[in-house]
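Architecture and fold: a report
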Amino acid sequence: AIGASTGGTEAIFDVIKRFGQNIPGVVVVQHMPPVFTAMYAERLNRQCLVSVKEAKDGDYVQRGQVLIAPGDKHMRLVRSGGMYRVECKEGEKVSGHCPSVDVLFESVAKCAGNRSIGIILTGMGADGANGLLDMRKAGARTIGQDESTCVVYGMPKVAFNIGAVEYQEKIGDIAKKTYAVLNTM
């Protein structure tokens, strides 16, 4: 699960362009208006090895695929039999945003726990910090973008300061760290 805000479009691209088609399914919240999330997903789909699409309610999380939350809906991970799928629903702003990184991360903590990795990238404010802490408490591995490579060291800083970040990495090293952590799970 990946969350980002200010500067996040390029940070997310930097991470997922390094993912191979063998990567477990990825769910992403980027603070962005509705129409732009679909265009952003299409751009990433053209430029990355993994399949990228704007999530639709009920989409299954699949190996080699990245689902981007729609710009006007909260995205939650839910367990469905032996698989995971997403729920994309309108709702009030949480931590100042819809979609909210906290909403996504909290749902990942509840249903995927120690079978998940949370990544918090550049962004203003604190959205995602508490959700990432929930993930870490549930046994998930967590990665935060370091200050030197953030456009705005807000969300990752808050997450780091409250103990939610296990590994702090430069943006260009996050995909490599993700694979290293996957190999220990």
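Anything mentioned here points back to the structure above.
Each residue is numbered by its place in its chain's sequence as written, counting from 1. Confidence filtering applies because this is a predicted model: local features only for residues at pLDDT of at least 70, side-chain atom pairs given and counted only at 80 or more, and all residues used for totals across whole chains, interfaces and linings. Think of the side-chain values as coming from all heavy atoms in the structure, minus any hydrogens and water.

A look at the sheet that holds strand S9 (residues 167-169)
If you trace the 7 strands from one edge of the open sheet to the other, you get S3-S4-S2-S1-S7-S8-S9, paired in parallel fashion. Strands at the two margins of the open sheet, each flanked by one partner only, are strand S3 (51-54) and S9. Neighbour to neighbour, the strand axes of the sheet diverge by 20 degrees on average, direction disregarded. For strand S8 (residues 141-145) and S9, the ladder comprises 3 bridges, and the chain directions are parallel. Within S9, the residue paired with Gly144 across the bridge is Gln168. Contacts are assigned to residue pairs that have any heavy atoms within 4.5 Å of one another. Every axis corresponds to a line fitted to the C-alpha atoms, with the helix fit spanning only the stretch in contact, and the corresponding angles, defined between N-to-C directions, vary from 0 to 180 degrees. A run of H or I in DSSP becomes a helix once it reaches four residues, and a run of E becomes a strand once it reaches two; helices and strands are each numbered from the N terminus. Here helix H3 (residues 101-111) sits on the sheet in contact with strand S1 (2-4), strand S2 (26-30) and strand S7 (117-120), set at roughly 165 degrees to S1. Taken strand by strand, helix H4 (residues 129-137) contacts S7 and S8, and its axis lies near 155 degrees from that of S7. The rule for pairing is simple: two strands pair if DSSP sees at least two bridges between them.

Side note on a nonpolar patch on the surface
Each patch is assembled from residues with relative accessible area greater than 30% and no salt bridge, linking like charges that lie within 9 Å and nonpolar side chains (Val, Leu, Ile, Met, Phe, Trp, Tyr) that lie within 5 Å. Throughout, the Shrake-Rupley method with a 1.4 Å probe supplies accessible areas, and for residues the shown protein chains are the sole cover considered. Note on definitions: salt bridges are taken to be side-chain nitrogens of Lys or Arg within 4 Å of carboxyl oxygens of Asp or Glu. Together, Val35, Phe36 and Met39 give the surface a local cluster of nonpolar side chains, amounting to about 310 Å² of exposed area. Summarising the element assignment, Phe36 is placed in helix H2 (residues 34-47). Exposure remark for Phe36: the relative accessible area of 45% places this residue in the partly exposed category. Three labels apply to residues, based on accessible area from a 1.4 Å probe with only protein chains included: buried if under 20% of the type maximum, exposed if over 50%, partly exposed otherwise in between.

Purely spatial values, then, with no claim about function.
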